[in-house]
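Fold and geometry: a report
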Amino acid sequence: MPDAPNPKARMHPSHTSGDESAHPRTLADTPYAELAVTTNFTFLRGASHPEEYVQRAAELGYRAIAITDHNTLGGVVRAHITAKELRIPLVVGARLILQSRDWFSLLVFPTNRDAYGRLCRLLTLGKRRAAKGDCLLTLEDVVAHSAELLVVIVPNAALPALIPNELGRLRDVFDDDRLSMAITRLFEPDEVDRNATLAAWADAASIPLVAVNDAHYHDPSRRLLQDVLTCIRHGCTIHEAGSRLFRNGERYLKPAAELRRQAVRRVPCGAASKSPSARPDFISTNCAMNIRAKSVRTDLLPCSISKRSPGKAFASDSPKELAASCSIRFTTNCA
Amino acid sequence: MAACCDRAEARGVRVGLSIEHAVSLIGSRFVAILPFTPEADRTALAALGRWALHFTPVVALHPPDGLLLDIAGCEHLFGGESSMLALLAARLDRLCLPSRIAIAPTIGCAIAVARYHAAPHNNVSVEQVAEVLFPLPVTALRIDDVTADTLAEIGIHTIGQVHRIPRTDLAARFGGELLRRLDAALGLVPEHVEPHRPVAPLSEFHDFDGPVTNLAVVEFVAHELLTCIVERLSAQQHGARILEYTIRHADRTQSVVRQSLTRANQNLAHIWSVLHPQFQRLQSPFGVESIRLEVVASDTVSAHQIPLWRDDVIESRGDTERAFGELIDRMAQRFGNAVVFAALRVDTYVPEQAYTTRPHTDTQTDKGAPNQNVNRPSRLFEEPEPARVLAIVPDGPPARVEWRGAAFGVQFARGPERLALPWWSAPVMPARDYFEVQLTNGRFVWLFRESDSGRWFVHGEWA
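The notes below deal with the structure included here. (Residues numbered from 1 in each chain as written. Chains lettered and ligands numbered in written order. Predicted model: local features only at pLDDT ≥ 70, side-chain atom pairs only at ≥ 80, totals over all residues. Heavy atoms only, no water.)

1. Brief notes about the overall build of chain A
The line we're drawing: Only DSSP runs of H or I reaching four residues or more are called helices, and only runs of E reaching two or more are called strands; each is numbered from the N terminus. Only protein chains enter the accessibility calculation, which uses a 1.4 Å probe. A residue is then buried if its area is under 20% of the maximum for its type, exposed if over 50%, and partly exposed in between. Two residues form a contact once any of their heavy atoms are found within 4.5 Å. Accessible surface is estimated by sampling points in the Shrake-Rupley manner with a 1.4 Å probe; for residues, cover comes only from the protein chains shown.
Along chain A, the regular secondary structure elements total 14 helices and seven strands. Here chain A holds 335 residues, and the buried ones make up 56% of them. A sequence separation of at least 24 residues applies to 77% of the contacts in chain A between residues at least 6 apart. Just so you have it, chain A exposes about 14,100 Å², and 56% of that area is on carbon and sulfur atoms.

Right, dumping it as structure tokens:
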């Protein structure tokens, strides 16, 4: 696979002052980049092509769009071609499904060419161990290949009680500069309480939160296709599928303003904040900051890095330095 | 086509052909075509297995058409292995069953030789095992088709060829199964016969000397039969689930008294208490000639002490379970089977379709118990009841609810849980946002908003 492309060679449309009609300021005010995107390169799960995601992300004025297929980088090439045309930053990444860790999966994003190589080697390692179409990775493997990777924990539906310990361990392994935890707003039952718990745990382990929408299709109309794919995966008819399908059709690329509205109102940062107040305070600056923090994390991703500071900023393996250079980049880009 | 006779085979008919093809090959109108009935074949094989108990107490079925007899220690009763083989063959011949028989030191070898050796009847001694086995095809080892095909692709057709491959390579390329089968056939690892034990149906029978018109006598005999049956069931640690009396009358008619129980039960007093009313309804103007009681279905129950007095303290879980079953039996008997039923969960997101009912005697249980961690109201209304609700648009929680002609404030609201309802069944229902809401009067209700119309409904209530 070629070196990561550089769509940032030209400025992202939302940064140019001229073309206000195409990208109104309101969208630029709510920087959002979808980090959990499952394309049809994750067989029988994703229901949209990578190009469609990128195109829709550009239309919605996202700051960037990630492609994170399950244990593969397959969708990246076609996403890159479209991203280059549309001049939207593409975040190359993958979603790692780990053995014997079923309460979470990991989104990993390489920050430079070397890290990308390491990620490829990691995936090769996992695929060699398993039968065709499968991938067998453990957390230890990821740790061994994790230098200069940014890692986002995506908790699954079922949360075992021992998560706080596990989170602490993950944080020790990945260092807080590179680790964050995803919070979703998919209108699942008890999601508000669940997110409050997760936020409290993440806070205790000082892991920053990011909002993701776990996109499985770019447009809500693709829910039908996604349901059918799920049925094919389980080898059942749609009448038997029941709870194996998704509960609703929220896993699409939503307008940033809509997501921001939901996230700001509902991601319960009240529980995460230090205030001992019993009343959950849904509106919190914490959350908004987290969304911005995510944009930090996307801005430093490989495409932008490779050309602007060719290898220099990341010559050191120290995550602290890495993070420092990231935040500088953030201020120069967005301030 | 599943099977054919030798004459048809001589004309080129093979298993797997279509009927038309087979008939055209034979080229004759006089072809007997019978339907293939695997179930009946199996029953017949089981019957033959029972017949084979003449020869040895350990008989196993080897479907579709084989029997495994463990004759160790039995052969001298028939004058040695060879004469036993001859006797078996002769007996089977008398039953008009063409047979292929092999006596061998290992199960694998016996099966391979019986099914694949050229001669129909063989007696293989310990020393001959390898010699006899090696020329046979690999399929004689009872391996799956995939392995056999793979072996054929690399030019390995006989067991001897397999044996010549180094063991480590075999295990690496074909897994442990092939090696295990080979070793079992050669007698290097032990293999056992799983004996087929025919179960006699549990039934009791009483023939009266003449027609009996006194129904009290019939009732008494029925109770006696039940006592015998319950004793036999208890000895096997079984309990009856379905009991059936067949009562023959003097006028050649018969009546059937059938009782299903919710849980397997071996409590005589209880079973009789649910059966008794049915006997009281029994009529026999010409008298009863005979009565027969059969256990149609039974189930294991854990051993328990029969309480001396009915109102003894119920202790173990098994006791609770039994007491629960008895309660349901009595309720069903009083109110009728139609009104007593059990609920069964259905794996779907649609609340209205999330359960179905089954008869209380049906043993079918929830499969996989979906939606376990989802809070659902204890009472779901038949029809969602419209309500007027004040809420933040577009998806905020309710703040004030007007329902059934009264207005309530909202103390607590949790949600929304968004359910997109099935798109594959017409009419397509709009998505719903469900909220768990506590009203100011203390009631917990389940409210939802229809996504397209924005109308609110109360769908259920936590009692």
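After that view of the structure, there is still more to cover.
2. Observations regarding the overall build of chain B
The helix and strand tally for chain B stands at 13 helices and 16 strands. Within chain B, the fraction of its 463 residues that count as buried is 38%. In chain B, 51% of the contacts between residues at least 6 apart in sequence involve partners at least 24 apart. With the model as given, the accessible surface of chain B reaches about 27,000 Å², and the carbon-plus-sulfur share is 55%.

3. Observations concerning a nonpolar patch on the surface
Keep this limit in mind: Without a salt bridge and with relative accessible area above 30%, a residue can belong to a patch; like charges are then joined within 9 Å and nonpolar side chains (Val, Leu, Ile, Met, Phe, Trp, Tyr) within 5 Å. The term salt bridge refers to a pairing of a side-chain nitrogen on Lys or Arg with a carboxyl oxygen on Asp or Glu at a separation within 4 Å.
Together, Phe324, Leu327, Met331, Phe335 and Val339 of chain B make up an exposed nonpolar region whose accessible area comes to about 480 Å². On the basis of relative accessible area, Phe335 of chain B is assigned to the exposed category, the value being 59%.

4. Structural notes on empty space enclosed by the protein
By rolling a water-sized probe across the atoms, one finds the places where empty space is left. Our working rule: Detection works on a 1 Å grid of protein atoms alone, calling trapped sets that fit a 1.4 Å probe cavities and calling open sets with protein on both sides within 12 Å along at least five of seven lines pockets, with lining residues defined by an atom within 4 Å of a point. Grid points are joined across faces, edges and corners, and a volume is the space filled by probe spheres set on the points. The nonpolar class holds Ala, Val, Leu, Ile, Met, Phe, Trp, Tyr, Cys and Pro. Asp, Glu, Lys and Arg form the charged class, and all remaining residues, Gly among them, are polar.
According to the stated counting rule, one finds six cavities of 30 Å³ or more in the structure shown. The space that makes up the largest cavity amounts to roughly 90 Å³. Lining the largest cavity are 15 residues, with Pro189 and Asp190 of chain A together with Arg414, Gly415 and Glu417 of chain B sitting closest to its centre. Where the lining of the largest cavity is concerned, the elements lending two or more residues are helix 7 (191–204) of chain A together with strand 13 (406–419) and strand 14 (432–439) of chain B. The dominant element in the lining of the largest cavity, judged by the number of residues it contributes, is strand 13 of chain B, at four residues. Grouping the amino acids of the lining of the largest cavity by side-chain chemistry returns six nonpolar, one polar and eight charged.

5. Things to note about the interface of chain A and chain B
As a reminder, the rule being used: Here's the idea: put two parts together, see how much 1.4 Å probe accessible area each one loses, and the total over both is what we call buried area. As used in this structure description, the phrase polar contact means that two N or O atoms lie within 3.5 Å; if the pair is within protein, one of them must be able to donate a hydrogen and the other to accept it, and residues adjacent in sequence are counted only when both atoms belong to side chains.
Between chain A and chain B, the contact holds 27 residues from the first and 22 residues from the second. Summing both partners gives a buried area of about 2,000 Å² for chain A against chain B, and 50% of it is carried by carbon and sulfur. At the surface where chain A touches chain B, the tally comes to four salt bridges. Taken together, the links from chain A to chain B amount to 13 residue pairs in polar contact (both at pLDDT 80 or more). Looking at the side of chain A that touches chain B, the elements with two or more residues in it are helix 7, helix 8 (223–234), helix 9 (238–241) and helix 10 (256–266) of chain A.

6. Section: the pairing of strand 6 (residues 238–249) of chain B
Residues and elements named next belong to chain B. Operational definition: DSSP-based pairing: two strands are paired if at least 2 bridges between them are found.
For strand 6, the buried fraction is high: ten of the twelve residues fall into the buried class. The pairing of strand 6 with strand 8 (residues 288–300) spans eleven bridges and is classified as antiparallel. What sits directly across from Ala240, in strand 8, is Ser298. Both strand 6 and strand 7 (residues 254–265) contribute to a ladder of eight bridges, which runs antiparallel. Looking at the pairing, Leu243 lines up with Gln259 of strand 7. Counted along the chain from strand 6 to the antiparallel partner strand 7, the turn is four residues long, and its residue Arg252 has a positive phi close to 70 degrees.

7. Quick notes on the pattern of salt bridges
Residues and elements named next belong to chain B. Tallied over the full model, the rule gives 36 salt bridges over all chains. The residue Glu402 makes a salt bridge to Arg388 at a minimum N-O spacing of 3.6 Å. Here Glu402, found in strand 12 (residues 398–403), pairs with Arg388, found in strand 11 (residues 379–391); they are 14 residues apart in sequence, far enough to count as distant. In this structure, Glu461 engages Arg443 in a salt bridge whose closest nitrogen and oxygen atoms are separated by 2.6 Å.

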